[in-house]
Amino acid sequence: MTVQHLIFDLDDTLYPSSSAMNRAIARNMLNFVAGYFHVTYDEACQLRKDNLSHYGSTLEWLMHEGLEDAEAYFAAVHPDNETDGLQKAPGLRNFLISLGMPMSVLTNAPVEHAERVLKFLDIRDLFDAVTDIRDCDLKGKPYPGAFRKALERAGGTLSDTIFIDDQRKYTMGFENIGGVAALVGNGVGAYQTPAVPEICRNHSATVALGHTYHLGSIYDLPVLLKQLAEI
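We now turn to the structure provided with this report. (Residues numbered from 1 in each chain as written. Predicted model: local features only at pLDDT ≥ 70, side-chain atom pairs only at ≥ 80, totals over all residues. Heavy atoms only, no water.)

## Quick word on the overall build of the chain
Alright, step 1. Within the chain, the regular secondary structure consists of nine helices and six strands.
Alright, step 2. Against the globule reference of 17 Å for 231 residues, the chain gives a C-alpha radius of gyration of 18 Å, in line with a compact fold.
Alright, step 3. Taking the principal axes of the C-alpha coordinates as reference, the chain spans close to 60 × 35 × 30 Å.
Alright, step 4. Pairs at least 24 residues apart make up 68% of the contacts formed inside the chain by residues separated by at least 6 positions.
Alright, step 5. A total accessible area of about 10800 Å² is found for the chain, and carbon and sulfur atoms account for 51% of it.
Alright, step 6. Measuring between centres, the 19 positive side-chain charges of the chain sit 3 Å from its 30 negative side-chain charges. (Helix = DSSP H or I, 4+ residues; strand = E, 2+ residues; numbered from the N terminus. Rg over C-alpha atoms; globule rule 2.2 N^0.38 Å. Contact = heavy atoms within 4.5 Å. Areas by Shrake-Rupley, 256 points an atom, 1.4 Å probe, with all protein chains shown as cover. Lys, Arg positive; Asp, Glu negative; His and termini not counted. Charge placed at Lys NZ, Arg CZ, Asp CG, Glu CD.)

## Section: the sheet that holds strand S2 (residues 103-106)
Alright, step 1. Reading across from one edge, S3-S2-S1-S4-S5-S6 is the order of the six strands in this open sheet, with parallel pairing throughout. Each edge of the open sheet carries a strand with a single partner, namely strand S3 (129-131) and strand S6 (211-215). Ignoring strand direction, the axes of neighbouring strands in this sheet form an average angle of 25°.
Alright, step 2. Sitting on the sheet, helix H7 (residues 144-154) is in contact with strand S1 (5-8), S2, S3 and strand S4 (161-165), with an inclination near 165° to S3. (Pairing = 2+ DSSP bridges. Axes fitted to C-alpha atoms, helices over the stretch in contact; angles between N-to-C directions.)

Here it is in structure tokens:
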């Protein structure tokens, strides 16, 4: 497989999930849920836990429950100062440059969040495009339309693009339309895929589209790209 394009998820993929910003986003999201349903914070946590698996995002779930003002949700979850809780990522810029191919972002967050984060990390100029939740008519990953919109903007195809995300349900969405995905970190609901060094032991095999590989982090991508190029 000749990989010519990379589409990255943003949050928990291009930077560690342990950031204070992520904790703040989760807290803001749950406070919004609590306010919307007029319940306590703990009750909101349980409601989200019970329902989120049926939807692509918290926003989609809330819209199914009658939420009409998505912009109010975005403003509450992603305030202007949200990157105060994010740390710089030394080496990230040089690493992404070293990959040597066109890159773009697909996120279930609004574009203003993506722009803030990418600029804070000093990597915005390395990405040709950002496809956000509004671009997908508020139905982002794991729906096929979101991936096809991102592919269109990236100028890539299913046969020459890898999608990288930290959540299994999203890599599965790309896999289900015939794409090759990389699941980074522990993933959510991740099945046991081979570790990167063992991905392609049989180099005579033909790579099949519609597959997800597991990476410890995005920094393992060069190993995967090298092995895919050899089969």
